[in-house]
Amino acid sequence: MCEVPHRKYKPRKMSIMLLILLQLTVLVSCAPPQCDPGFRGLCKPKVEEKPKCTDVLLSYCEDMAYTQTMFPNILGHKNREDAEAGAEYLLMSVVESLLGGVCNPEIRMLGCSVLAPRCEKEKVLKPCRTTCETVHKRCSHFFEDIEMAWPYFLDCDRFFVSDQEGCYDPLDGLRAEQVVEAVDSMEIPPPEEPATTIQFTYHSNAQMISILKKTEEQCSDIAKTYSIGRSMEGRELLVIEFSNNPGQHEPLEPEIKYIGNMHGNEILGRQLLIYLAQYLCSEYLLGNERIQTLINTTRIHILPSMNPDGYEIAVSELQDNNYSDDEQARYDSSHIGRNNAQNIDLNRNFPDLTSVVYSRRKQKGYRTDHVPIPDYYWFGKVAPETYAVMKWIRSIPFVLSANFHGGDLVVSYPYDLSKHPLERNMFSPTPDDKVFKLLARTYANAHETMSNENAQCGSSRGISHKGTINGAQWSSMAGGMQDFNYLHTNCFEVTVELGCDKSPPEEELFLSWHENQEALITFMETAHLGIKGVVKDEEGNAVKGARISVRRIQHDVTTAENGEYWRLLTPGIYVVSASAPGYARAMKKVHLPPRMHTAGRVDFVLQKAAPEPDLREEDDTIQSMGTYDRFDPYNQYERYTLVANLSHNREERVEKPWWWNYFVLPGGPAPTWLLKHN
């Protein structure tokens, strides 16, 4: 018992206050002791309630073979609400749509065995590892197709146990249902669709790359993907090639290219080229003789998207406008995404060599082939996409090309720039006008409706001829890609406008493919028109850079590394010559009958001789313009891109898959475990 000592104090205010404080202190010290778990008997131990089995209330797990689960679950979710709020459960709810209906409900039920594990007699049972491994083996590549990692909570070693540890099969209920259905219907389940089956939907950049890579894997003997560079925002410019010897140039095998999505908001061409890659792969494997012959005799390069940055902007705008009732807003946004991330129109960004040719028309020895790039071009704004394509064009001996646009229904051919500066819409033919008209007609006639005058649309209507038109006569412009191909290299390129709707509704994509499929194949076959051959000297050595000239056509082609050449010509009789500095000119008369399906073989053997006077004069003229090999002499592009890279955070430019934003929950951690390369 505590007693307060009694003392006598002087009756002062301060003393009274001290006495009161002292008494309060003593009373507190005499209070019953607080509960201290360190002293036995002073307090009752807190009894924690043991987890108990509870009903499975997760709606996506209601069809499991069991009805009881327990929280916290294997992942540590404390209750049903925690489990439903996680990205894991969200993934289970949409996995069927993500994977296109395959591996469902196996993936979902496997996930349920972890999020809502089986509970019996107040004890959690773990699912069998063997079941997980079987599903993983069958379904993991479907996740790879959409650039998604195998979900961490389906890690077979981490969350699943062996048979010896007393596991259960989470697919028990599913297998029972399948047995009943099989007995009832006695039907054989349909075989899985091949990876190259075309799905007529729009594809994001990540999906596009995944499809091209999968096509390469499916047809590894004839297909190969490679990158020609990156866009301004760091997206890959991925090409897929088809050949019986992919990755290598073969002697006398013509090389062709298709380019789509040069304008980011013109999306149909991009989709058709993705479908074309899948079609070439699947038809080759199925034994289609026409496709096999084409691939075995031609090297085909397909770049579905030259402007992936513009595409991203255009698609984002399209999605926003889908929720808008304002027709004017939709019209105003129709050009959004056309240009690249620097707001450069890529089809106005190539060197304007047409003006150079026009300015030299009256000079002796002028020509319209292998025109060097003027040095002043490099001091302008050169887009990385343009630069990558120029290097690509110069590195491969392309013979034929088409680039795909939208906004009209017509095939346009060079020149794109009018020869009269005061008359913008003026017919301005190249020396190879007959060849270009044949190429344009080939695509238009093979197209389902393009050559039909009643099907015409857009600004070319009324001035085009059965679906074809001269570019300068239609709409004069400088810096276009097709003029650059013709004037700088051996490649003949046309521009295919696929229709007035630049991004038609998804349900019309199959129809668009059907309208263009034959034209896409037939046009590639025209790479085998005209003549081809090899130029050698008397000792059998290949002559690189020899000029192949056709009388009355003021446009030459040159021989490639192995002395080979290809010269597109229409049927007729021609006088063809081969020449090179230090050799005498060799000449042959050639007759090309109609309906030839392969190029005529015309070889030349050059004899050593002093250079011809006209050749020497011509070479001096070309030197005054600069040499053909002079490409970006001041490293302007390198300096420019260095500044651009410093001003952009590389991390911001990393491409996220198309499904990423769906799983990023407000206020929650980013589910980086979904990323394949995380």
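Residues numbered from 1 in each chain as written. Predicted model: local features only at pLDDT ≥ 70, side-chain atom pairs only at ≥ 80, totals over all residues. Heavy atoms only, no water.

(A) Representation of the UniProt feature "active site" (unreviewed entry) in the protein chain within the structure. The UniProt record marks Glu497 with the feature "active site" (unreviewed entry), using the residue numbering of this structure. With respect to the secondary-structure elements, glutamate 497 resides in strand E12 (residues 492-499). Dropping the residues within four chain positions of it, glutamate 497 is found in contact with His405, Gly406, Gly407, Asp408, Leu409, Val410, Met450 and Trp474. (UniProt positions renumbered as here; feature names shortened; annotations may be inferred. Helix = DSSP H or I, 4+ residues; strand = E, 2+ residues; numbered from the N terminus. Contact = heavy atoms within 4.5 Å.)

(B) Molecular detail of the environment of serine 231. Counting through the fold element by element, serine 231 comes out in the loop between strand E5 (223-230) and strand E6 (236-242). Look at serine 231 and you get buried, because its relative accessible area is 5%. For the pair formed by serine 231 and threonine 386, sequence separation is 155 residues and the distance between their alpha carbons is 9.2 Å. For serine 231, the contacting residues outside a window of four places in its chain are Leu237, Pro308, Asp309, Pro384 and Glu385. Looking at serine 231, its side chain comes within polar contact range of the side chain of aspartate 309, at 2.8 Å. (Buried < 20%, exposed > 50% of the residue type's maximum accessible area, 1.4 Å probe, protein only. Polar contact = N/O pair within 3.5 Å; in protein donor to acceptor, adjacent residues only side chain to side chain.)

(C) Representation of the packing of helix H15 (residues 433-446) against helix H18 (residues 509-525) within the structure. Here H15 crosses H18 at 150 degrees, and the two axes come no closer than 7 Å. When the axis of H15 is compared with that of H18, the two are roughly antiparallel. Pair H15 / H18 crosses with right-handed handedness. Contacts from Leu439, Thr442, Tyr443 and Ala446 in H15 reach Glu515, Asn516, Glu518, Ala519, Leu520, Thr522 and Phe523 in H18. Residue composition of the contact of H15 with H18, by class: 6 nonpolar, 3 polar and 2 charged. (Axes fitted to C-alpha atoms, helices over the stretch in contact; angles between N-to-C directions. Parallel < 35°, antiparallel > 145°, perpendicular 65-115°, else oblique. Left-handed = near helix turned anticlockwise from the far one by under 90°. Nonpolar A, V, L, I, M, F, W, Y, C, P; charged D, E, K, R; others polar.)

(D) Examining the sheet that holds strand E17 (residues 572-579) more closely. Across the sheet, which stays open at both edges, the 4 strands sit in the order E15-E14-E17-E18 with antiparallel pairing between neighbours. Edge positions in the open sheet fall to strand E15 (553-558) and strand E18 (586-592), since each of these has one partner strand only. Mean inter-strand twist for the sheet, computed between neighbouring axes without regard to direction, equals 25 degrees. Sheet analysis places strand E14 (residues 547-550) next to E15, joined by 3 bridges and oriented antiparallel. By the bridge assignment for E15, valine 550 is matched with isoleucine 553. (Pairing = 2+ DSSP bridges.)

(E) Region of the structure containing the pairing of E12. Of all 8 residues making up E12, 8 are buried, and the element is well covered by its neighbours. Two strands pair when backbone bridges link them, and strand E9 (residues 398-405) and E12 are joined in this way by 6 bridges, in the parallel orientation. From the neighbouring strand, leucine 400 faces E12, where its bridge partner is phenylalanine 492. Examined bridge by bridge, strand E10 (residues 408-413) and E12 share 5 bridges and lie antiparallel to one another. Paired with valine 410 across the strands is glutamate 497, a residue of E12.

(F) Spatial organisation of the pattern of salt bridges. Applying the stated criterion to the full structure yields 25 salt bridges. Salt-bridge contacts for glutamate 106 lead to arginine 138; the nearest nitrogen and oxygen are separated by 2.6 Å. Taken together, the residues glutamate 106 in helix H4 (residues 106-115) and arginine 138 in helix H5 (residues 129-145) connect sequence positions 32 residues apart. When its relative accessible area of 13% is taken as the criterion, glutamate 106 is described as buried. Linking arginine 290 and glutamate 525 is a salt bridge whose minimum nitrogen-to-oxygen distance equals 2.9 Å. Of this pair, arginine 290 sits in helix H10 (residues 289-297) while glutamate 525 sits in helix H18, and the two are 235 residues apart along the sequence. For arginine 290, a relative accessible area of 32% puts it in the partly exposed group. Among the ionic contacts, a cluster of salt bridges with common partners joins Glu266, Arg338, Asp345 and Arg348. (Salt bridge = Lys/Arg side-chain N within 4 Å of Asp/Glu carboxyl O.)

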